[in-house]
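Structural overview for review
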Amino acid sequence: MEQLTQNLKDGHMQLLEVPFPALRSGQVLVRNHFSLISAGTEGKTVKDARLGYIGKARARKEEVKKVIQTAKTIGLKETYRLVMNKLDAPSALGYSCAGEIIGVADDVKEFKIGDLVACGGSSAVHAEVVAIPINLCVRLHADASLQHAAFTTLGAIALQGIRQADLRLGENCVVIGLGLIGQITLQLLRASGVNAIGIDIDPSQVDLAKRNGFTNTFVRNETQLESAILQLTAGHGADAVIITASASSLDPIDLAGTLCRKKGKVIVVGSVPTGFTRKNFYIKELELKMSCSYGPGRYDNEYEEQGMDYPFAYVRWTENRNMETFAELIYTKQINIETLLSHVFTFEDAKKAYDLILEKTEPFTGILLKYNIEKTLKNSIPLRKDDYTAVEKVSVGMIGAGSFGQNFILPVIKEKVTLKGIATARPNSARNVGDKFGFSYCTGNASEIVKDTTVNTLFIATRHDSHGKYVIDGLINHKNVFTEKPLCIHREELEEIKKVYSKSECRLMVGFNRRFAPMSVQVKQKLNASAPIAILMRVNAGVVAKDHWIHDPKIGGGRIKGEVCHFIDYAAFLADSKIAEVSATAMNDSSGLEDTLSITLKMENGSIATIAYFSNGNKEVSKEYIEIFNGGLIAKIDDFKELIISDSKGTKKTNGNQDKGHKLELEAFVQSIKAGTASPISFESLYNSTLATFAVVESISQNGKNISLNSL
């Protein structure tokens with residue numbers, strides 16, 4: 001199949017042949033018939049992508065701050081490589097479409113194959129096939145116009161703005177900005193019995209509104225604008241003003257304050273600055289409200305990705321119910337979409353549509369892309385002919401290839417193995433990674449990689465909840481497996497992995513890379529193995545937003561299972577011993593995240609370790625600081641950039657670029673396969689570190705109780 005993509009580095013736009021998207025739990029697979037281009041949102045995205053680097057920096061100031069912070073940590077060269085990798089990639093466009101369901105996840109009961117649906121959200125892109133979570137699509141009537149239904153997401157945005165205004169029958173509302181969302185807002189207001197008044201800086205948009213029956217519409221620069229609004233509102237001013245414009249000036253927000261009645265409401269739907277002039281808002285005691293996209297549920301991972309609905313009695317209008325309502329208004333012809341549809345381009349001519357938007361060669365409102373539904377689509381995409389002559393001992397299939405996989409795994413292994421198949425959830429990502437690193441094929445179906453008999457080694461770089469499943473599937477299918485940490489997030493998975501591994505002759509490795517850091521190797525060489533050691537680790541982990549997926553117990557497992565496991569394993573490595581006992585306490589905080597905690601480990605050989613993992617610090621202090629005490633020797637590692645070893649012979653200091661061992665770890669794993677030797681980390685060690693991680697969670701739940709791993 002094909003997807004419309006844009007390269008963020010140079011703005012190049014193309015129809016890219018990609019595999020089908022992965023059909024995940026709680027999703028449906030939809031073959032698009034039409035998709036709508038959002039001239040405002042997408043137009044800005046396309047415009048920014050075509051800017052030079054300086055222009056991009058000016059348009060994305062927050063991202064620039066993050067880049068500067070990263071450069072302070074890992075250096076300019078490595079930061080430049082990371083930024084270029086992110087920019088030089090095909091990015092998806094679009095968020096509103098309509099089509100027919102061609103696939104349904106096993107746990108979805110609300111939809112069936114053959115249903116017509118309207119879709120929204122970040123996965124409702126301009127592509128021949130899309131995978132949509134159930135709360136972001138609505139079923140349509142069998143005879144509904146899919147051409148019109150493609151407007152549903154934009155309609156939900158307009159509808160949410162009106163709901164925020166909380167208008168009553170017979171009240172007056174001014175709409176500032178008569179682009180597509182503004183035009184839809186006018187029609188929705190009229191359908192609900194509200195007197196709608198429109199304003200725009202573009203006379204052609206005002207004329208369009210007049211042709212649709214909205215006689216009370218005005219060009220912004222009309223000299224009698226304010227008096228005209230007062231006359232239309234019996235001298236009181238508007239009950240509410242909804243801003244659907246996109247602007248960089250304060251004029252829309254200040255104009256809203258001028259036109260609104262005392263105690264009225266100003267609703268911001270469009271992208272405008274809100275640093276308004278105080279006078280009108282103060283004297284009139286105006287209420288300023290933001291309208292969040294399609295409505296309640298937007299940007300809530302549990303609602304959008306996991307399909308958890310809000311109780312109908314308490315949240316009457318969610319984004320899904322807004323979409324459903326607008327689709328019904330179209331079907332019953334209470335909203336006239338045909339008058340707002342200015343252009344229809346074939347999918348193959350998509351670039352011309354964006355050129356029209358940016359160059360403004362003619363007036364436009366609603367612009368649709370039409371798909372060829374008779375075309376035969378391919379799910380898996382071959383990229384090159386297989387060639388196993390150079391490194392045939394290690395044939396790699398990879399599942400997941402986000403930022404970490406692209407920046408830390410693939411650059412290391414690409415010249416040392418044969419890259420066979422790549423599977424990612426997003427089609428454009430699968431194709432990009434496949435092309436960039438030379439995979440033989442790309443797919444959205446992970447099981448195709450797992451079952452490929454020409455693949456003997458599996459790399460897993462997905463979200464944490466799937467690690468255990470893919471490890472088990474890989475071992476069952478006779479593959480060596482390298483998975484990024486954690487090994488798994490559930491005890492039941494760990495025991496199943498142990499059972500499957502015991503019957504396998506393949507290698508299993510977890511990305512506990514700090515073991516392989518050059519400074520770690522230096523320290524290990526200096527330690528007296530016959531004497532126990534004491535370890536102190538301080539991790540300035542930083543804040544991760546509460547709604548980040550890593551905190552979700554079902555997906556990320558929490559930061560203890562997802563991140564702290566690194567340091568638990570590292571302590572066991574330094575002590576050269578299995579962990580015997582664990583105790584831990586977490587600081588109480590309002591979010592209940594348990595990501596500021598203190599851990600005490602006791603090893604079987606008598607060594608001890610304390611891990612202070614704190615999320616309440618700041619980035620001006622190094623992230624990781626480790627001290628190791630052993631028979632008169634003290635070693636200090638500061639962020640894997642500085643090593644100080646003090647013993648009876650004196651103090652030696654080593655400085656260098658940050659190296660946490662990723663490269664050496666991966667090389668060791670690949671070499672073990674080629675040489676037919678054991679995995680660089682024993683399964684017993686992986687099992688023990690993972691079990692100790694689960695024990696940390698258990699100890700915290702029991703107020704710091706000491707947990708013996710033998711009791712688990």
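All values derive from a computational prediction rather than experimental measurement. (Residues numbered from 1 in each chain as written. Predicted model: local features only at pLDDT ≥ 70, side-chain atom pairs only at ≥ 80, totals over all residues. Heavy atoms only, no water.)

**Examining the overall build of the protein chain**
- Secondary structure summary: the protein chain contains 23 helices and 32 strands in total.
- The C-alpha atoms of the protein chain give a radius of gyration of 29 Å, which matches the 27 Å a tight globule of 712 residues would have.
- Taken along its principal axes, the extent of the C-alpha atoms in the protein chain is 90 × 60 × 50 Å.
- As displayed, the protein chain offers around 31,500 Å² of accessible surface, 52% of which is attributable to carbon and sulfur atoms.
- Computing the positive centroid from 84 side-chain charges and the negative centroid from 80, the protein chain places the two 4 Å apart. (Helix = DSSP H or I, 4+ residues; strand = E, 2+ residues; numbered from the N terminus. Rg over C-alpha atoms; globule rule 2.2 N^0.38 Å. Areas by Shrake-Rupley, 256 points an atom, 1.4 Å probe, with all protein chains shown as cover. Lys, Arg positive; Asp, Glu negative; His and termini not counted. Charge placed at Lys NZ, Arg CZ, Asp CG, Glu CD.)

**Remarks on the nonpolar core**
- Core analysis: the largest hydrophobic core is formed by 98 residues, its most contacted members being Ile413 and Leu601.
- Beyond its immediate chain neighbours, meaning those up to four positions away, Leu601 contacts Ile568, Ala571, Ile579, Glu581, Val582, Ser607, Ile608, Ala609 and Ile611. (Core = buried A, V, L, I, M, F, W, Y, C linked by side-chain atoms within 4.5 Å. Buried < 20%, exposed > 50% of the residue type's maximum accessible area, 1.4 Å probe, protein only. Contact = heavy atoms within 4.5 Å.)

**Points about the environment of Leu140**
- Within the secondary structure layout, Leu140 lies in the loop between β8 (137-139) and α5 (146-149).
- The exposure class of Leu140 is buried, given its relative accessible area of 11%.
- Once you skip the residues sitting within four places of it in the chain, Leu140 turns out to touch Leu116, Val117, Ala118, Leu146, Ala149 and Ala327.

**Description of the packing of aromatic side chains**
- Tallying each qualifying case throughout the model produces twelve aromatic pairs.
- Considering the side-chain rings of Tyr303 and Tyr310, the 5.1 Å spacing of their centres and the 35° angle between planes classify their relative orientation as tilted.
- Ring centres of Phe482 and Phe669 lie 5.6 Å apart, and the angle between their planes is 55°; on these two criteria the pair is classed as tilted. Of this pair, Phe482 sits in strand β22 (residues 480-483) while Phe669 sits in helix α22 (residues 662-675), placing them 187 residues apart in sequence.
- These aromatic residues form a ring-pair network of at least three members: Phe459, Phe482 and Phe669.
- One Lys or Arg, Arg298, reaches over the ring of Tyr299 and ends 4.4 Å from the middle of that ring. (Phe/Tyr/Trp six-rings, centres within 6.5 Å; stacked < 30°, edge-to-face > 60°. Lys NZ or Arg CZ within 6 Å of the ring centre and 35° of its normal.)

**Points about the pairing of strand β12 (residues 238-243)**
- Of all six residues that make up β12, six are buried, and the element is covered over most of its length.
- Sheet analysis places strand β9 (residues 172-176) next to β12, joined by four bridges and oriented parallel. Across the sheet, residue Val175 finds its bridge partner in β12, namely Ile242.
- Sheet analysis places β12 next to strand β13 (residues 260-268), joined by five bridges and oriented parallel. Its bridge partner lying in β13, Val241 is registered against Val266.
- Assessed by its sense of winding, the connection that carries the chain from β12 through helix α10 (residues 251-259) to β13 is right-handed. (Pairing = 2+ DSSP bridges. Right-handed = clockwise from strand over helix to strand, strands pointing away.)

**Quick word on the packing of helix α15 (residues 403-413) against α22**
- Look at α15 against α22: their axes get within 9 Å of each other, and the N-to-C directions meet at 50°. In terms of orientation, α15 lies oblique with respect to α22. Judged by the sense of rotation from one axis to the other, the crossing of α15 with α22 is right-handed. When α15 is examined against α22, the residues Phe404, Phe408, Ile409, Val412 and Ile413 are found in contact with a partner set consisting of His662, Lys663, Leu666, Glu667 and Val670.
- Residue classes in the contact of α15 with α22 are distributed as seven nonpolar, one polar and two charged. (Axes fitted to C-alpha atoms, helices over the stretch in contact; angles between N-to-C directions. Parallel < 35°, antiparallel > 145°, perpendicular 65-115°, else oblique. Left-handed = near helix turned anticlockwise from the far one by under 90°. Nonpolar A, V, L, I, M, F, W, Y, C, P; charged D, E, K, R; others polar.)

**Quick look at the pattern of salt bridges**
- Under the criterion given, the structure shown has 25 salt bridges.
- A salt bridge links Asp239 to Arg261; the shortest N-O distance between them is 2.6 Å. With Asp239 in strand β12 and Arg261 in strand β13, the pair connects residues that are 22 residues apart, well separated along the chain.
- Accessibility expressed as a relative area gives 24% for Arg261, which makes it partly exposed. (Salt bridge = Lys/Arg side-chain N within 4 Å of Asp/Glu carboxyl O.)

**Examining the sheet that holds strand β30 (residues 642-647)**
- Spatially, the nine strands line up as an open sheet ordered β31-β30-β29-β28-β24-β27-β26-β25-β32, and their pairing is mixed. In this open sheet, the two strands that pair with only one neighbour each are β31 (650-655) and β32 (707-708).
- Alignment of strand β25 (residues 579-586) against strand β26 (residues 597-603), held across seven bridges, turns out to be antiparallel. Bridging from a neighbouring strand, Ala586 pairs with Leu597 of β26.

**Remarks on helix α23 (residues 683-701)**
- A rise of 1.5 Å per residue sets the reference length of α23, with its 19 residues, at 27 Å; its end C-alpha atoms lie 27 Å apart and thus fit the reference within 8%.
- For α23, the tally of buried residues reaches 15 of 19 residues, placing the bulk of the element in the interior.
- Asn703 occupies a position one or two residues after α23 and carries a positive phi of about 55°. (Expected span 1.5 Å × (residues − 1).)

**Let's talk about the sheet that holds strand β21 (residues 457-460)**
- In space, the seven strands of this open sheet follow the order β17-β20-β19-β18-β21-β22-β23, with mixed pairing throughout. Edge strands, defined here as strands with exactly one partner in the open sheet, are β17 (381-382) and β23 (508-510).
- One ladder, built from four bridges, connects strand β18 (residues 395-399) with β21; its direction is parallel. Opposite Val396, over in β21, you have Thr457 as the bridge partner.

**So, the environment of Gly114**
- In this fold, Gly114 is placed in the loop between β5 (96-104) and β6 (116-120).
- The partly exposed category is assigned to Gly114, whose relative accessible area is 34%.
- Once the C-alpha coordinates of Gly114 and Gly103 are considered, the two residues, eleven residues apart in sequence, prove to be 8.7 Å apart.
- With near-sequence residues (within four places) excluded, Gly114 lies in contact with Glu100 and Ile101.

**Comments concerning α22**
- Under the 1.5 Å per step criterion, the end-to-end length of α22 is 20 Å for 14 residues, consistent within 8% with the ideal 20 Å.
- After α22 finishes, the residue Gly676 shows a positive phi value of roughly 75°.

**Re the side chain of Asn7**
- Topologically, Asn7 is positioned in strand β1 (residues 2-7).
- Of the residues examined, Asn7 reaches a relative accessible area of 13% and is grouped as buried.
- For Asn7, the residues in contact, after removing those within four places along its chain, are His12, Ala49, Leu87, Asp88 and Ala89.

**Re the packing of helix α6 (residues 152-165) against helix α13 (residues 319-331)**
- Here α6 crosses α13 at 110°, and the two axes come no closer than 8 Å. As the angle between them shows, α6 and α13 are arranged roughly perpendicular. Judged by residue contacts, Thr152, Thr153, Gly155, Ala156, Leu159, Gln160 and Arg163 of α6 engage Asn322, Met323, Thr325, Phe326, Ala327 and Ile330 from α13.
- Residue classes in the contact of α6 with α13 are distributed as six nonpolar, six polar and one charged.

**A closer look at unusual backbone geometry**
- Across the junction of Lys485 and Pro486, the peptide omega takes the value 0°, indicating a cis bond.
- Within the secondary structure, Pro486 sits in the loop between β22 and α19 (491-502).
- Backbone geometry places Ala234, a non-glycine residue, at a positive phi of 55°.
- Take Ala234: it is sitting in the loop between α9 (225-232) and β12.

**Here we look at the side chain of Arg321**
- Within the element layout of this structure, Arg321 appears in helix α13.
- A relative accessible area of 8% places Arg321 in the buried class.
- One polar contact links Arg321 to Asp309, side chain to side chain, over a distance of 3.1 Å.
- Here Arg316 takes part through its backbone oxygen, which lies 2.8 Å from a polar atom of the side chain of Arg321.
- Contact partners of Arg321, with chain neighbours within four places excluded, come to Asp309, Tyr310, Pro311, Phe312, Val315 and Arg316. (Polar contact = N/O pair within 3.5 Å; in protein donor to acceptor, adjacent residues only side chain to side chain.)

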